[in-house]
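Observations on chain architecture
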Amino acid sequence: MRIVAAKKLLKANDQLAEENRSRFNRSGVFVVNVVGSPGCGKTTLLEALFAKLATRLAPAVIEGDLASSIDAERIERLGIPVVQINTDGACHLDATMVAAAADGFDYDKLDLLVIENVGNLVCPAGFDLGEHLRIVILSVSEGDDKIAKYPTIFQKSHVLLITKTDLLKYSNFNVERAVADMKHLAPEAEIFQVSALAGYGMDDLADWLAAKCG
Ligand SMILES: Nc1nc2c(ncn2[C@@H]2O[C@H](COP(=O)(O)OP(=O)(O)OP(=O)(O)O)[C@@H](O)[C@H]2O)c(=O)[nH]1
Ligand SMILES: [Mg+2]
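Here's what I pulled together on the structure shown here. (Residues numbered from 1 in each chain as written. Chains lettered and ligands numbered in written order. Predicted model: local features only at pLDDT ≥ 70, side-chain atom pairs only at ≥ 80, totals over all residues. Heavy atoms only, no water.)

**What about the overall build of the protein?**
Heads up, the rule is: Working definition: helices are DSSP H or I runs of at least four residues, strands are E runs of at least two. Numbering for both runs from the N terminus. Values of the radius of gyration come from C-alpha atoms, whereas the globule rule sets the reference at 2.2 Å times the count of residues to the power 0.38. Three labels apply to residues, based on accessible area from a 1.4 Å probe with only protein chains included: buried if under 20% of the type maximum, exposed if over 50%, partly exposed otherwise in between. Using the Shrake-Rupley algorithm and a 1.4 Å probe, accessible areas are obtained, with residue cover drawn only from the displayed protein chains. For the purpose of charge, His is not counted, nor are the chain termini; Lys and Arg are scored as positive and Asp and Glu as negative. Here the site of a charge means atom NZ of a Lys, CZ of an Arg, CG of an Asp or CD of a Glu.
For the protein, the count of helices and strands is 8 helices and 7 strands. A globule of 214 residues ought to have a C-alpha radius of gyration of about 17 Å, and the protein, at 17 Å, matches this closely. Dimensions of the protein, computed from C-alpha atoms along their principal axes, come out at roughly 50 × 50 × 35 Å. Residue burial in the protein is summarised as follows: out of 214 residues, 50% are buried. Looking at the protein as shown, the accessible area adds up to about 10400 Å², and 52% of this sits on carbon and sulfur atoms. Taking the 22 positively charged and 29 negatively charged side chains of the protein as two groups, their mean positions are separated by 5 Å.

**Here's the deal with the environment of Leu46**
Quick note on the threshold: Throughout, a residue-residue contact means that at least one pair of heavy atoms, one from each residue, lies within 4.5 Å.
If you trace the backbone, Leu46 turns up in helix H2 (residues 42-53). The residues contacting Leu46, other than those within four sequence positions of it, are Val34, Val61, Glu63, Ile75, Val114 and Glu116.

**Describing the sheet that holds strand E3 (residues 82-86)**
Note the following rule: Two strands qualify as a pair provided that DSSP identifies no fewer than 2 bridges between them. Note on geometry: axes are lines fitted to C-alpha atoms, helical ones only across the stretch in contact, with angles between N-to-C directions running from 0 to 180 degrees.
In space, the 7 strands of this open sheet follow the order E3-E2-E4-E1-E5-E6-E7, with parallel pairing throughout. The open sheet terminates on both sides in strands that have one partner only, identified here as E3 and strand E7 (190-193). Put simply, the sheet's adjacent strands are angled 20° from each other on average, direction ignored. As judged from the 4 bridges shared by strand E6 (residues 159-163) and E7, these two strands associate in the parallel manner. Across the sheet, Ile162 pairs through a bridge with Gln193, a residue of E7.

**Overview of the packing of H2 against helix H8 (residues 202-212)**
Counted only if it meets this: When describing relative orientation, an angle under 35 degrees is termed roughly parallel and one over 145 degrees roughly antiparallel, while 65 to 115 degrees is termed roughly perpendicular and anything else oblique. Here the term charged refers only to Asp, Glu, Lys and Arg, the term nonpolar to Ala, Val, Leu, Ile, Met, Phe, Trp, Tyr, Cys and Pro, and the term polar to all other amino acids, Gly among them.
The geometry of H2 relative to H8 is characterised by a closest axis approach of 9 Å and an angle of 70° between their N-to-C directions. Accordingly, the angle class assigned to the pair H2 and H8 is roughly perpendicular. Only Met202, Asp203, Leu205, Ala206, Leu209 and Ala210 of H8 make contact with H2, whose side of the interface consists of Leu45, Ala48, Leu49, Lys52 and Leu53. Looking at the contact of H2 with H8 residue by residue, the classes come out as 9 nonpolar, no polar and 2 charged.

**Quick notes on the coordination of the magnesium ion (ligand 2)**
Octahedral metal centres with six donors ideally show angles of 90 or 180 degrees, and tetrahedral centres with four donors ideally show 109.5 degrees. Rules: Listed donor atoms are N, O and S within 2.8 Å of the metal (Na, K and Ca: 3.2 Å). As water is not included, a site may look incomplete.
Donor atoms from the polypeptide that coordinate the magnesium ion (ligand 2) comprise Thr43 (OG1), Asp71 (OD) and Glu116 (OE), at 2.1 to 2.2 Å from the metal. Sequence spacing among the residues donating to the magnesium ion (ligand 2) works out to T-x27-D-x44-E. Residue Asp71 is located in helix H3 (residues 70-76), and its partner Glu116 is located in strand E4 (residues 112-116); the two are separated by 45 residues in the primary sequence. Judged by its relative accessible area of 10%, Asp71 falls in the buried class. Here Glu116 falls in the buried class, since its relative accessible area comes to 3%.

Given below as structure tokens:
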């Protein structure tokens, strides 16, 4: 019988992620991994963000989904280079998939590469992709207890976006609780409150990200 230890697989992923990061560093492109539940608003956020950043920097996107090219088509409609990864059932992206997808871009023309991970608040937490920054999205409609209930992904993220804040008036989501839970888990993390649809907070977020891209 052959037994493959999950720890060894994760170590192999970490090594490849470091290779991805070196390659991104050499190319001078800033790479962001966006994680969050299915439907939390990842693609909508990217659409709104790219509209704000259009004149300032050149982005590209890797879309991760179990199936379909729906999200990639949304990004393509904006005239932004995009590669869709279909994981065929896998609940997260890994560094191997990103290495393959990342071959498709002309890095001389890029400042920012955004990887939209598979919608999932659990599995993507364990897989470094070689990104420089991990952004986790928590939408108001998911409830303010999710940071306490799914701590790993929040703890391992550099930025928390509380999204769909236009829905706050219809919900019992307690922003103070979510912020306190995040500060407890990840004291250094940046926290933004935004609504991609209503535009709330998007200027500040776009300015902050543009500064990160140098
Ligand atoms: N009210 C409100 N709805 C939003 C906002 N952002 C996204 N939505 C809605 O949330 C739903 C899901 O948005 P998507 O951007 O597709 O979510 P996603 O996280 O990319 O979804 P997956 O890729 O399938 O995991 C859509 O109906 C959006 O219109 C927002 O700021 N406010
Ligand atoms: Mg999406």
